Amino acid sequence: MNFLEHIFGNLERAAGRAVLQEARESGLVSVNGGELLAQASAARTFLRATGMQKGDRCALLAHNSIRWAALDLALMAEGIVVVPLYARQAPKELAAMLRDAGPRLICAGDAALGDAIRAEWREAPRVALFEEIFPASMAQAASAAAPSVPLADADTVTIIYTSGTSGEAKGVVLNAGNLNHMLGCTASRLDQLMRGHGGVESVFHYLPFCFAGSWILMLSCLSRQSTLTLSMDLSRLQTELEAAKPHYFLNVPTLLERVRRGIEDNIAKGGGAVAKLFFNARTSWFQKQAGKPCRFGWFWLSLARAAVFPTIRKRVGANLKALICGSAPLAIETQLFFMMLGIPVLQVYGLTETTAICTMDEPGRVEPGWVGPAVPGIEMKLGTEQEILVRGPNIFPDYWNRPEETAKVLRDGWFYSGDQGETNSNGNWRIIGRIKNLLILSSGHNIAPEPIEEKLQALLPGAQQVILIGHGRSYLVAIITGDIARERAATAIESVNQAMPHYKQIHKFHVEPQGLTIESGLLTVNGKLRRSAIASRFSDPIEAMYREKKT
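Read on for an overview of the structure. Each chain carries its own residue numbering, running from 1 in the direction its sequence is written. It should be noted that, the model being predicted, local features are given only for residues of pLDDT at least 70 and side-chain atom pairs only at 80 or more, the latter also being counted only at that level, while totals for whole chains, interfaces and linings use all residues. Here the side-chain values reflect all heavy atoms present in the structure, with hydrogen atoms and water set aside.

### A word on the sheet that holds strand β14 (residues 359–360)
Working step 1: DSSP calls a pair of strands paired once it identifies at least 2 bridges connecting them. Secondary structure elements follow DSSP: runs of H or I no shorter than four residues count as helices, runs of E no shorter than two count as strands, and numbering proceeds from the N terminus. If you trace the eight strands from one edge of the open sheet to the other, you get β2-β1-β10-β9-β11-β12-β13-β14, paired in mixed fashion. Only two strands of the sheet have a single neighbouring strand rather than two, namely β2 (27–32) and β14.
Working step 2: Bridge count between strand β12 (residues 322–325) and strand β13 (residues 345–349): three bridges; the pairing is parallel. In the strand pairing of β13, C325 is matched with Q347.
Working step 3: Contacts from helix α10 (residues 237–244) reach β1 (18–24), β2, β9 (201–205), β10 (226–231) and β11 (248–251), with the element oriented near 165° to β9. Contacts are residue-level and defined by heavy atoms, with any inter-residue pair within 4.5 Å sufficient. Only C-alpha atoms enter the line fits that serve as axes; for helices the fit covers just the stretch in contact. Angles between N-to-C directions range over 0 to 180 degrees.

### Regarding helix α13 (residues 297–307)
Working step 1: For every residue, the accessible area obtained with a 1.4 Å probe (protein chains only) is divided by the maximum for its type, and the residue is called buried under 20%, exposed over 50%, and partly exposed between those limits. Listing the buried residues of α13 in full gives G297, L301 and A304. An end-on view of α13 places all buried positions within 70° of arc, on one side of the element. Facing away from the buried side of α13, by more than 90 degrees, are the exposed residues W298 and A306.
Working step 2: Residues of α13 that are buried in the fold lie against α12 (272–289) and α14 (309–317). The directions from the helix axis to the C-beta atoms form the arc being described.

### Focus: the environment of A275
Working step 1: Mapped onto the elements, A275 comes out in helix α12.
Working step 2: Along the backbone, A275 and E264 are eleven residues apart, and their C-alpha atoms lie at a distance of 8.9 Å.

### Focus on the pattern of salt bridges
Working step 1: Counted as salt bridges are all cases of a side-chain nitrogen of Lys or Arg within 4 Å of a carboxyl oxygen of Asp or Glu. Taken as a whole and assessed by the stated rule, the structure comprises 20 salt bridges.
Working step 2: Across the pair E201 and R224 runs a salt bridge whose closest N-O atoms are separated by 2.6 Å. In this pair, E201 sits in strand β9 while R224 sits in the loop between α9 (212–222) and β10, placing the two residues 23 residues apart along the sequence.
Working step 3: Here E201 falls in the buried class, since its relative accessible area comes to 7%.

Okay, structure coming up:
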């Protein structure tokens, strides 16, 4: 039985139980397993009417919803290759990916998304909106149910686009064998986490399904005795969490850091005995974790665990067994902060090319700052420059239509990740940096700095260098060297930002009058930027930019 057959069988068994729900302002809107199957059946009927066949490609461009999941299942059941795209991506970038993928059909969540694609790509194939894919009545569609098209391990299931160092997105091909293995791995870890629970798992989700890790979580939940609640408005996150009452949910570091700051700021504003107790306990906790003696530390921690931490934990999630975090580096202080409250943070490391996952923390065996051991069946080792190499059934077969790019990262059976890491005697891994220049924001967005730097420098003829900073941070900032007035720099940045999606926009900048030189150690002998050295040299202005309020 492959992963898709397992999901469909699980949904049949959950015909009377809520499996997916949307957290809307009016309340939770849910579907049970039978209703989700009916929606998938309706979508399959539509797809067959269009003449789509196994192996054809279909783009899926929409925000998260129950219908997104139903259409995804329908496409896979028909053997159609799903090309999921980020609905907030700039239309020009979306059009470039679509031209590369060459889909026969584009399925859009609303007319605005469809119109944006048509405006950028006049030769676009048919754009079908969700309204025509899903009929008003699901009863007729349900009778059209058919067995899933057989999927061999080598059959392509999806093409997920990810940014490369050149700035041009590459399509990562994932096949049924990749999914069969990885969903088995996630099931094993989640079984460990939920051991002894026995009932229906409640899971909350806010990350776009077009991201590999997010998609894997969705498929995992549909494979299990779970109810997955979808966030529909992050500005209502606290309310949505209270409604969902999750046992666990997937995070990017940005959100956990925002929650941590919110808790600390609210307690500081409240002042009084509660604030004193909380901050004394926090200081004691961090000193204890660093192995430093702290007079009366045990007293403050014991008191806070009895009087303060339970209230905070209830607001974050009364039923939480763990927070799961991946996609970008998580500050160890943030991980320790939630552990202090009694909420474990389980880290996951992986890339789209590794079917989202290479390592996962084992519940009860978490080492703060590390991302857990390699999941069963996957081998990891260090190459030159401490580059992480991976092999196993989770490794993608190739990049779509890019044999040369594939050959660069798949050699002798190993995937060359471009990440630097280390491992310890417990088998846990730590990610220490990037060999390539790719910036990964704490939101999980991948950004190639060079194209943006080149655009900005073209608007500033007097600038000697432009360097983007942002790896592991929540937004981009820039260092501009040369005789440049701040007003000119601000105008140029505003111009560049207008053509960029939100996560590629520059929010702060620092002007350095003197250009970088080879002699200073900030440029290589052929004039290339030594990015690590630059980040170290300008650490003070960089930290100042991140301390300021984001613009």
